[in-house]
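In case you want the letters, here they are:
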Amino acid sequence: MQQIDKNTFFKITQNFDYVPFTQSEGWWAMHSIKGENRFMFFVDNLENPQMACMGRTMRKFWLKMLQIEGECLLNEKNIDSKKIREFYKEITQTNFDIIETNSSLPYNALYEIGIREAGYLRPVGMFSTQLSSYIYLQQEIHYDRNWSRNLEKSTKSDLEFEIVGKPDEKDCIDFCCIYNAMNSRKNLSSQISKNQINRLLTDNNYQLFFVKQTNKQIASIIIYRKNKFAEGIYAGSMSEALNVSATFFMYRQLFQYLKNQQYEIYDMAKLSPSTHSKQSVFLFKNGVKGEYIQYCGEWAICKKQIYRPLMYFLKKYLFKIIEV
């Protein structure tokens with residue numbers, strides 16, 4: 001394993017078979033606004049790269065942490081437990097008290113064998129969903145009764161699906177207005193800035209879409225697409241969109257667009273069946289019939305055993321992250 005610079009990392013991975021959005025240049029650009037030195041980049045072998053990842057460094061109290069959101073693979077179909085083991089074991093030799101990784105790679109037993117042999121364990125408590133659904137775009141897509149009703153309702157409204165080619169500053173502002181208005185309506189604290197979206201969309205693997213009603217933008221989505229695979233990253237809707245089922249319309253038009261562009265899979269991304277507020281999101285996503293898949297998910301290694309329950313306490317009770 002070798003530590004490399006940002007430019008080398010993105011040059012190496014641009015032709016990799018598997019690059020999750022959390023390892024993309026746009027995602028890095030969006031999250032490096034507060035400082036590029038917060039990121040580290042690793043590759044297994046610079047001369048013959050097969051695996052690489054980007055990690056974000058942070059300090060929580062006296063703890064020095066490295067958080068890795070997935071990994072990039074030259075060949076997604078050729079998972080080797082030995083390569084996984086060696087790569088992550090060498091990362092543990094870096095000077096961090098805690099290393100966490102959260103892989104959105106579809107579950108593979110060889111991945112689990114390798115990362116466990118590197119010393120990683122499932123964390124005490126899970127805080128990210130490991131369940132998702134793949135929609136096969138080149139096949140007929142089926143919807144549940146709620147989706148069917150809302151799609152029928154949307155046809156009675158004057159809705160227009162807008163594909164944004166090269167987003168400009170106004171497009172970024174318009175998206176933020178829609179997304180932030182939705183979060184405010186749902187009493188969510190998270191807000192997004194024009195600069196963040198602008199930096200994200202500098203990466204051509206991301207694409208922006210709007211839904212308009214009588215020339216007013218009432219819904220929007222940003223997707224990530226690479227190697228015949230696509231998934232939604234951010235989506236938002238105005239209150240007016242609820243009355244005309246604009247979000248249902250937006251997804252159906254998006255699926256048709258991606259099908260025409262010869263994409264094969266759309267990841268509905270993180271289904272969270274639950275008894276709390278996330279259930280409504282689950283019911284919406286689960287209304288599109290696809291194939292359930294499980295991610296490789298969360299893993300962590302701590303230099304001291306006491307840090308394992310400590311991280312659970314911090315996430316659940318101090319940072320108020322919802323356990324799943």
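Here the residue index of a chain counts from 1 through its sequence in written order. In view of the model being predicted, local features appear only for residues whose pLDDT reaches at least 70, and side-chain atom pairs are presented and counted only at 80 or more, with totals across whole chains, interfaces and linings using the full set of residues. Hydrogens and water molecules were not included; the side-chain quantities draw on all heavy atoms of the structure.

### Some thoughts on helix α1 (residues 6–13)
Rule in force here: Remark: exposure states derive from per-residue accessible area (1.4 Å probe, protein chains only) relative to the maximum for the residue type, with buried under 20%, exposed over 50%, and partly exposed in between. Segments assigned H or I by DSSP are reported as helices when at least four residues long, segments assigned E as strands when at least two residues long, and all are numbered from the N terminus. For this quantity, the arc is that covered by the directions from the helix axis to the C-beta atoms. Contacts: residue pairs with any heavy atoms within 4.5 Å of one another.
For α1, the complete set of buried residues consists of F9, F10, I12 and T13. Seen end-on, α1 carries its buried residues on one side only, within an arc spanning 160°. Opposite its buried face, α1 presents the exposed residues N7 and K11, each directed more than 90 degrees away. For α1, the elements touching its buried residues are β1 (2–4), α2 (25–31), β2 (39–43), β3 (51–60), β5 (72–73) and β11 (216–226).

### So, the packing of aromatic side chains
Defined as follows: Put simply, two rings from Phe, Tyr or Trp (the six-membered ring, in Trp's case) pair if the centres are within 6.5 Å, and we call them stacked under 30 degrees between planes, edge-to-face over 60, tilted for the rest. The rule for a charge over a ring is simple: NZ of Lys or CZ of Arg within 6 Å of the ring centre, and within 35 degrees of the ring normal.
As enumerated under the stated definition, the model contains 27 aromatic pairs in all. Relative to Y234, the ring of Y179 has its centre 5.5 Å away and its plane inclined at 80°; by these criteria the two rings are edge-to-face. Taken as a pair, Y179 in helix α6 (residues 169–185) and Y234 in strand β12 (residues 229–237) lie far apart in primary sequence, 55 residues in all. Neither residue differs from the other here; Y179 and Y234 are each classed as buried. Judged by centre distance (5.3 Å) and plane angle (70°), the ring pair of F255 and Y266 falls under edge-to-face. One end of the pair, F255, is in helix α9 (residues 246–260); the other, Y266, is in strand β13 (residues 265–267), and 11 residues separate them in sequence. With relative accessibility at 2%, the residue F255 sits in the buried group. Ring-pair connections join several aromatic residues into one group, and the members of that group are F21, W27, F175, Y179, Y206, Y224 and Y234. One cation-aromatic arrangement involves K60 over F319; the distance from NZ or CZ to the ring centre is 4.6 Å. Above the face of the F96 ring, K64 is positioned so that its terminal group lies 5.0 Å from the ring centre.

### Focus: the packing of helix α3 (residues 81–91) against helix α4 (residues 109–117)
This is how the line gets drawn: Angles run from 0 to 180 degrees between N-to-C directions of axes, and those axes are lines fitted to C-alpha atoms, restricted for helices to the stretch in contact. Left-handed is the label given to a crossing in which the near helix is rotated counterclockwise from the far helix by less than a right angle, and right-handed is the label when the rotation is clockwise. Classification convention: Asp, Glu, Lys, Arg as charged; Ala, Val, Leu, Ile, Met, Phe, Trp, Tyr, Cys, Pro as nonpolar; all other residues, Gly among them, as polar.
Here α3 crosses α4 at 35°, and the two axes come no closer than 7 Å. The way α3 lies across α4 gives a crossing that is right-handed. Listed contacts from α4 to S81, I84, R85 and Y88 of α3 are L110, Y111, I113, G114, I115 and E117. Here the residues of the contact of α3 with α4 are counted per class, giving six nonpolar, two polar and two charged.

### A few points about the nonpolar core
What counts here: In these notes, a set of buried Ala, Val, Leu, Ile, Met, Phe, Trp, Tyr and Cys residues joined through side-chain atoms within 4.5 Å is what counts as a nonpolar core.
Counting 68 residues, the largest nonpolar core has I197, Y206, V211, Y234, L258 and Y266 as the members making the most contacts within it. Examining the composition of this core, we find that nine residues originate from one element, α9, more than from any other. Core analysis: the next-biggest nonpolar cluster, separate from the first, contains 23 residues, Y18, L73, I84 and F96 among them.

### Observations regarding the pattern of salt bridges
The condition that has to hold: A side-chain nitrogen of Lys or Arg and a carboxyl oxygen of Asp or Glu constitute a salt bridge if their distance falls within 4 Å.
This model, assessed by the stated rule, comprises nine salt bridges. Of the charged contacts, one joins R116 and E112 as a salt bridge, the two residues approaching to 2.9 Å between their closest N and O atoms. In this pair, R116 and E112 both sit in helix α4, four residues apart, roughly one turn of the helix. Taking the relative accessible area as the measure of exposure, R116 reaches 39% and is therefore partly exposed.

### Side note on unusual backbone geometry
Although it is not a glycine, N187 sits at a positive phi angle of roughly 60°. You can see N187 is positioned in the loop between α6 and α7 (194–200). Within the chain, S245 stands out as a residue other than glycine whose phi angle is a positive 55°. Along the chain, S245 falls in the loop between α8 (239–243) and α9.

### Notes on the confidence of the model for the protein chain
Let me state the cut-off plainly: Confidence scores per residue from the predictor, reported as pLDDT, run from 0 to 100.
Chain-level statistics for the protein chain give a pLDDT mean of 94 and a share of 99% at 70 or above. Considering each helix and strand of the protein chain separately, the mean pLDDT is smallest for helix α10 (residues 279–286), with a value of 89, and largest for α4, with 98.

### Observations regarding α6
This is how the line gets drawn: Helix span, as expected, comes to 1.5 Å for every residue beyond the first. Under this definition, polar contacts are N or O atom pairs within 3.5 Å; protein pairs additionally need one hydrogen-donor-capable and one acceptor-capable atom, and for neighbouring residues in sequence, both atoms have to be side-chain atoms.
Under the 1.5 Å per step criterion, the end-to-end length of α6 is 24 Å for 17 residues, consistent within 8% with the ideal 24 Å. Residues of α6 that are buried: D171, C172, D174, F175, C176, I178, Y179, N180, M182 and N183. Turning to α6, the residues buried within the fold contact β9 (159–164), α7, β10 (206–213), β11 and β12. For α6, the side-chain oxygen to backbone nitrogen distance between the N-cap and K170 is 3.2 Å, and the N-cap itself is D168. N187 lies just past α6 and shows a positive phi near 60°.

### Let's talk about the packing of helix α5 (residues 145–154) against α9
What counts, and what does not: We call two directions roughly parallel when the angle between them is under 35 degrees, roughly antiparallel when it is over 145, roughly perpendicular when it lies between 65 and 115, and oblique otherwise.
Close contact between α5 and α9 brings their axes to 8 Å; oriented N to C, the two are set at 95°. Compared by their axis directions, α5 and α9 come out roughly perpendicular. On α9, the residues that touch N146, W147, N150, L151 and S154 of α5 are F248, F249, Y251 and R252. Looking at side-chain class alone, the contact of α5 with α9 contains five nonpolar, three polar and one charged residues.

### Regarding the pairing of β2
Going by this rule: At least two bridges found by DSSP between two strands are what make those strands a pair.
Of all five residues in β2, five are buried; the element is thus mostly enclosed. A two-sided burial pattern is seen for β2, the buried positions comprising F39, F41 and V43 on one face and M40 and F42 on the other. In this sheet, β2 lies alongside β1 in antiparallel orientation, the contact comprising three bridges. From the neighbouring strand, I4 faces β2, where its bridge partner is F41. For β2 and β3, the ladder comprises five bridges, and the chain directions are antiparallel. Bridged to F42 within β3 is C53.

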